[in-house]
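In case you want the letters, here they are:
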Amino acid sequence: MPATQNLRLSVRNMSCASCVGRVERALSALPGVGDVNVNLAAETAQIRIGSAAHLPEVIEALERAGYPARTRSIRLNVSSMSCASCVGRVDKALAAVPGVLGVNVNLASETATVAYAEGAVDLADLLKAAGDAGYPAEAADDAGLEDRSARKEGEARDLARRTAFAAALALPVFLLEMGAHLVPGMHEMIGRTIGHQTSWMIQFVLTTLVLAWPGRGFYIKGFPALLNGAPDMNSLVAVGTGAAYLFSVTALFAPDLLPEGTRAVYFEAAAVIVVLILLGRWMEARAKGRTGAAIQKLLGLQARTARVLVDGTVQDVPIERIGTGHILVVRPGERIAVDGEVTQGSAHVDESMITGEPVPVAKAAGDPVTGGTVNGTGSFQFRATRVGADTTLAQIIRMVEEAQGAKLPIQGMVDRITLWFVPAVMTLAALTVLVWLVVGPSLALSYALVAGVSVLIIACPCAMGLATPTSIMVGTGRAAEMGVLFRKGDALQQLTGVDVVALDKTGTVTAGRPELTDLILADGFDHGDVLTLVAAVEAQSEHPIAEAIVRAAKAEGSVSQDVQGFDSVTGYGVRARVDGRDVLVGADRFMDREGISLGAFVEAETRLAASGHTALFAAVDGQVAAVIGVADPVKPASRAAIAALHDMGLKVAMITGDKRETAEAIASETGIDHVIAGVLPDGKVAALDKLRDQGKRIAFVGDGINDAPALAHADVGIAIGTGTDVAIESADVVLMSGDLRGVVNAFEVSERTMRNIRQNLFWAFGYNVALIPVAAGALYPVFGLLLSPVLAAGAMALSSVFVLTNALRLRRVRPAMDEAKSMVSGDASTVAPTPVAAV
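Residues numbered from 1 in each chain as written. Predicted model: local features only at pLDDT ≥ 70, side-chain atom pairs only at ≥ 80, totals over all residues. Heavy atoms only, no water.

**A look at the overall build of the protein**
Next up, step 1: Scanning the protein from terminus to terminus reveals 30 helices and 29 strands.
Next up, step 2: Overall size of the protein, expressed as C-alpha extent along the three principal axes, is 120 × 70 × 65 Å.
Next up, step 3: The 839 residues of the protein split such that 52% are buried.
Next up, step 4: Residue pairs in contact within the protein that sit at least 24 positions apart in sequence constitute 70% of those at least 6 positions apart.
Next up, step 5: For the protein, the accessible area works out to roughly 35500 Å², and carbon and sulfur atoms hold 56% of it.
Next up, step 6: For the protein, the centre of its 70 positive side-chain charges and the centre of its 86 negative side-chain charges are spaced 7 Å apart. (Helix = DSSP H or I, 4+ residues; strand = E, 2+ residues; numbered from the N terminus. Buried < 20%, exposed > 50% of the residue type's maximum accessible area, 1.4 Å probe, protein only. Contact = heavy atoms within 4.5 Å. Areas by Shrake-Rupley, 256 points an atom, 1.4 Å probe, with all protein chains shown as cover. Lys, Arg positive; Asp, Glu negative; His and termini not counted. Charge placed at Lys NZ, Arg CZ, Asp CG, Glu CD.)

This is the structure:
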């Protein structure tokens, strides 16, 4: 690699010569950066840096200056990776490409995700780096994702053929050499018939065929990697079986080169080792194909064609040609092609494949529909609102892919170990041979060969590399099937460290659709008059409480009024001039701020709040006119979900802008432990910090646009999927269902997946720690036992299969809460509204 490197970065936000100057100054001030040339027209900055290690500093300097570099990421399919050491080498090779900012290599999915500075890296550079390291790569695309399962099936079929051929050739070798241990007198029978020399010749021919075809991949890949100073699993197998084979060939054709008494052949070891490792890889390929089953299932939900209304006639149109605004026709039993809004007709739609909810949802004009869901009864037309990569299903697939390719913090330990593991094993094998030659019994060379080969074979770190990514792939895929999407893969691990679950109230604990329950009037005011004035002001607001008041006014036949000077005071209320009268609607703090006395209404507000209702005040022309009671019913699943979180050992807090009396009533009803009330929208972050000051790790659950800062600030942000796009983009976990059952399921999947990962890592590391000394001969001085290379190969293959099989158990994880468990006895989880009253 050259001492200095020239990079061309794409820079954002430059609009004039002053911007160019600021970018140049920011870059020129960095140590190790020179020859800075900024081009405003091309929006680029060309620089020379001392090494790729300086690039993060360059990116950070541009960010600080307000002119961030454009970054992109690309996903590569990487072949020839077989163990954790391969992952480390691919990571190292790609990270060394100038302009690369981060690399995440996944052995289970055989992919690498590369983040890089736009303009500084070409795809060809990445492919060349991977290829030069011995791991050919290609850019992944959607078609490649769909074909992955078929590719793994093809690979499994090829491995099955090679394994069967190798086994057919190795079986006679094994019987000729080891048959005497199974059939008494067989050794003497061979001597009396074909003779031992002929037996060895037959073993030589058959073993040579095994190594030359089914096992040739180990040597083609293993020896070059060894010569390049980067040995991998293939190198261990190649050296181990090669040593056994060459020793046997020497004993057969040039016995005089060996010490007296050491003439023996180990053809069966070389042949059977290849068979067992191929068998293990075949089982791995089959299991890897199943780890991506969730993605395949999601891809299978995508419709290929749709019925589009064109000039009054219905035509079948490929999904790629559907655009926003097109009118689509859906018949009973058909799959909905894209996201949209019903314009005509009604139906019941099965949305379980997206939300995990088993009950079909009624749809009528104005209701949204989601691509990938299935129409049950009824037919309807809908207008396409989101197509292609913007559909909900496409976003879900993208989120699941990103989560499955994530590298958890726990993986860092594995990466640090596996980088030096294979070289350490080869050194240990050499030391084993040396010790046996120095202190071993008679025939020490034979013992040294057996022990050295056993160490090489048994220590292959396949299981280490598969332990974490396979569990992540299966766990996040199963979570997606349950309606839980991990947008950020590390949230899978972070959830297990959470102590407190903080909940937003409106739309999270409650339904988010309040209803007007009380209208208590001051003397001299008319019920219809006040409701009309208040509804006219609230009609200008998008707040759920405002919608409740407007709905109640419409139900009473209220006539719309002319509104002027509308103003929303965040956290307080709204004001406007209606039909020549000044009208204010808001909390008590709004009235206090405006100097309006509440008088006897303070007691009425306290009574409403104590019953779980939200109390607002209306003032007309500077005089309090009414206290308004609004009830937002608690979602049916909230109480049971909070109880389930308690059973998991978690504390539950609620953060709300409501008065404490209202919040305490809801907390008492649902079992919430801690209430933070009277919080303005911008105060939720401070409320989280208050909880965190007690040394707790916080997960925040919300759904509104006001929740976005809190979702981003929490240790883990969980967005209710029925909420706004802004909230979802700020979250680490997205729940496709609209209630708290998804939170319980997210914690359940997280706990089960992390437990599975710990089991896999314990097995992978414990297996090597326990068996490498046994393979080296640690039991021989006491028990006279020396591990056969054949048994070492079998154990190594089984370790990888165990890890994969254990990860696949996550496919059987059931939702911690389903429809039946979410309903409390008698369904008392709602605030009972009282009739609208006028006093």
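**Observations concerning the nonpolar core**
What tends to happen in soluble globular proteins is that the nonpolar side chains get buried as a cluster.
Next up, step 1: Counting residues in each nonpolar core, the largest one holds 162 residues, and the members touching the most others are V58, L94, F486, I718 and F747.
Next up, step 2: If near-sequence neighbours (up to four positions away) are discounted, F747 is found in contact with L495, V498, V501, L645, M648, L650, A699 and I718. (Core = buried A, V, L, I, M, F, W, Y, C linked by side-chain atoms within 4.5 Å.)

**Quick word on the pairing of strand β3 (residues 44–49)**
Next up, step 1: Where strand β1 (residues 5–10) meets β3, six bridges bridge the pair, whose relative direction is antiparallel. Counterpart to S10 in the pairing with β3 is T44.
Next up, step 2: Pairing of strand β2 (residues 33–39) with β3, which is carried by five bridges, proceeds in the antiparallel orientation. Within the sheet, the bridge partner assigned to N37 lies in β3 and is Q46. (Pairing = 2+ DSSP bridges.)

**Section: unusual backbone geometry**
Next up, step 1: The phi torsion at S80 lies on the positive side, around 75°, for a residue other than glycine.
Next up, step 2: With respect to the secondary-structure elements, S80 resides in the loop between β4 (71–78) and α3 (84–95).
Next up, step 3: You can call S80 partly exposed: its relative accessible area is 24%.

**Considerations on the packing of aromatic side chains**
Next up, step 1: Under the definition given, this model contains 13 aromatic pairs.
Next up, step 2: Measuring from centroid to centroid gives 6.0 Å for Y245 and F267, while their planes differ by 70°, and the two rings are edge-to-face. Of this pair, Y245 sits in helix α9 (residues 233–253) while F267 sits in helix α10 (residues 267–291); the two residues are 22 residues apart in sequence, bridging distant segments of the chain.
Next up, step 3: Owing to a relative accessible area of 15%, Y245 belongs among the buried residues under this scheme.
Next up, step 4: With 5.5 Å between their ring centres and 15° between their planes, W436 and Y447 make a pair best called stacked. One end of the pair, W436, is in helix α14 (residues 409–439); the other, Y447, is in helix α15 (residues 444–458), with eleven residues separating them in the sequence.
Next up, step 5: We classify W436 as buried; its relative accessible area is 8%.
Next up, step 6: Following the ring pairs from residue to residue traces out a cluster consisting of F204, Y245, F253 and F267.
Next up, step 7: In this structure, R589 is placed above the aromatic ring of Y572, and the distance from its NZ or CZ to the ring centre is 5.8 Å.
Next up, step 8: Just above the ring of Y572 sits the side chain of R593; from NZ or CZ to the centre is 5.1 Å. (Phe/Tyr/Trp six-rings, centres within 6.5 Å; stacked < 30°, edge-to-face > 60°. Lys NZ or Arg CZ within 6 Å of the ring centre and 35° of its normal.)

**Points about a nonpolar patch on the surface**
Next up, step 1: A surface patch of nonpolar side chains, about 570 Å² in accessible area, is lined by L431, L434, V435, L437, V438 and V439.
Next up, step 2: Within the secondary structure, V435 is located in helix α14. (Patch = residues over 30% accessible without salt bridge, like charges linked within 9 Å, V, L, I, M, F, W, Y side chains within 5 Å. Salt bridge = Lys/Arg side-chain N within 4 Å of Asp/Glu carboxyl O.)

**Topic: the sheet that holds β2**
What holds strands together in a sheet is hydrogen bonding between their backbones, with the strands either parallel or antiparallel.
Next up, step 1: Strand order in the open sheet formed by three strands is β1-β3-β2, with antiparallel pairing between adjacent strands. The sheet is open, and its two edges are formed by β1 and β2, each paired on a single side. Across this sheet, the average inter-strand angle for adjacent strands is 15°, counted without regard to direction.
Next up, step 2: Contacts from helix α1 (residues 17–28) reach β2 and β3 within the one sheet, and its direction differs from that of β2 by about 165°. (Axes fitted to C-alpha atoms, helices over the stretch in contact; angles between N-to-C directions.)

**Some details on the environment of A552**
Next up, step 1: Residue position: A552 is located in helix α20 (residues 544–555).
Next up, step 2: For the pair A552 and V484, spaced 68 residues apart in the sequence, the C-alpha separation amounts to 36 Å.
Next up, step 3: Once you skip the residues sitting within four places of it in the chain, A552 turns out to touch L516 and L531.

**Notes on the side chain of Q203**
Next up, step 1: Its location among the elements puts Q203 in helix α7 (residues 196–212).
Next up, step 2: With sequence-adjacent residues up to four places away left out, Q203 is seen in contact with V173, L176, E177, V265, F267 and E268.

**A closer look at the packing of α15 against helix α30 (residues 789–808)**
Next up, step 1: In contact at an axis separation of 8 Å, α15 and α30 are set at 5° when each is read in the N-to-C sense. In terms of their interaxial angle, α15 and α30 are classed as roughly parallel. Across the interface between the two elements, V450, V453, S454, I457 and I458 from α15 touch P789, A792, A793, A795 and M796 from α30.
Next up, step 2: When grouped by side-chain class, the residues that make up the contact of α15 with α30 number nine nonpolar, one polar and no charged. (Parallel < 35°, antiparallel > 145°, perpendicular 65-115°, else oblique. Nonpolar A, V, L, I, M, F, W, Y, C, P; charged D, E, K, R; others polar.)

**Points about helix α25 (residues 684–692)**
Next up, step 1: Within the sequence span of α25, burial applies to K684, A687, L688 and L691. Around the axis of α25, the buried residues are gathered within 100° of arc, so they sit on the same side.
Next up, step 2: Considering only its buried residues, α25 is in contact with β18 (500–504), β25 (651–655), β26 (674–676), β27 (698–702) and α26 (708–713). (Arc of directions from axis to C-beta.)

**Description of the confidence of the model for the protein**
Next up, step 1: Within the protein, residue pLDDT values average 83, and 91% of them lie at 70 or more.
Next up, step 2: Residue range residues 819–839 is modelled with pLDDT below 50. Its contacts to residues more than four positions away, or to other chains, number 58 contacts. (pLDDT = per-residue confidence, 0-100.)

**Observations concerning the UniProt feature "transmembrane region" (unreviewed entry) in the protein**
Next up, step 1: When the UniProt feature table is mapped to this numbering, "transmembrane region" (unreviewed entry) covers residues 159–180, 200–220, 232–253, 265–283, 417–439, 445–468, 761–780 and 786–808.
Next up, step 2: With 95% helix and 0% strand, residues 232–253 has its two end C-alpha atoms placed 31 Å apart.
Next up, step 3: Taken as a whole, residues 445–468 contains 88% helix and 0% strand, while its terminal C-alpha atoms sit 39 Å from one another. (UniProt positions renumbered as here; feature names shortened; annotations may be inferred.)

**Examining the packing of helix α16 (residues 462–481) against α30**
Next up, step 1: Orientation of α16 relative to α30, taken along the N-to-C sense of each, is 15°, at an axis distance of 8 Å. On the basis of the axis angle, α16 is roughly parallel to α30. In this structure, α16 crosses over α30, and the sense of that crossing is right-handed. On α30, the residues touching C462, A463, L466, A467, T470, S471 and V474 of α16 are M796, S799, S800, V803, L804, A807 and L808.
Next up, step 2: In terms of residue class, the contact of α16 with α30 is made up of ten nonpolar, four polar and no charged. (Left-handed = near helix turned anticlockwise from the far one by under 90°.)

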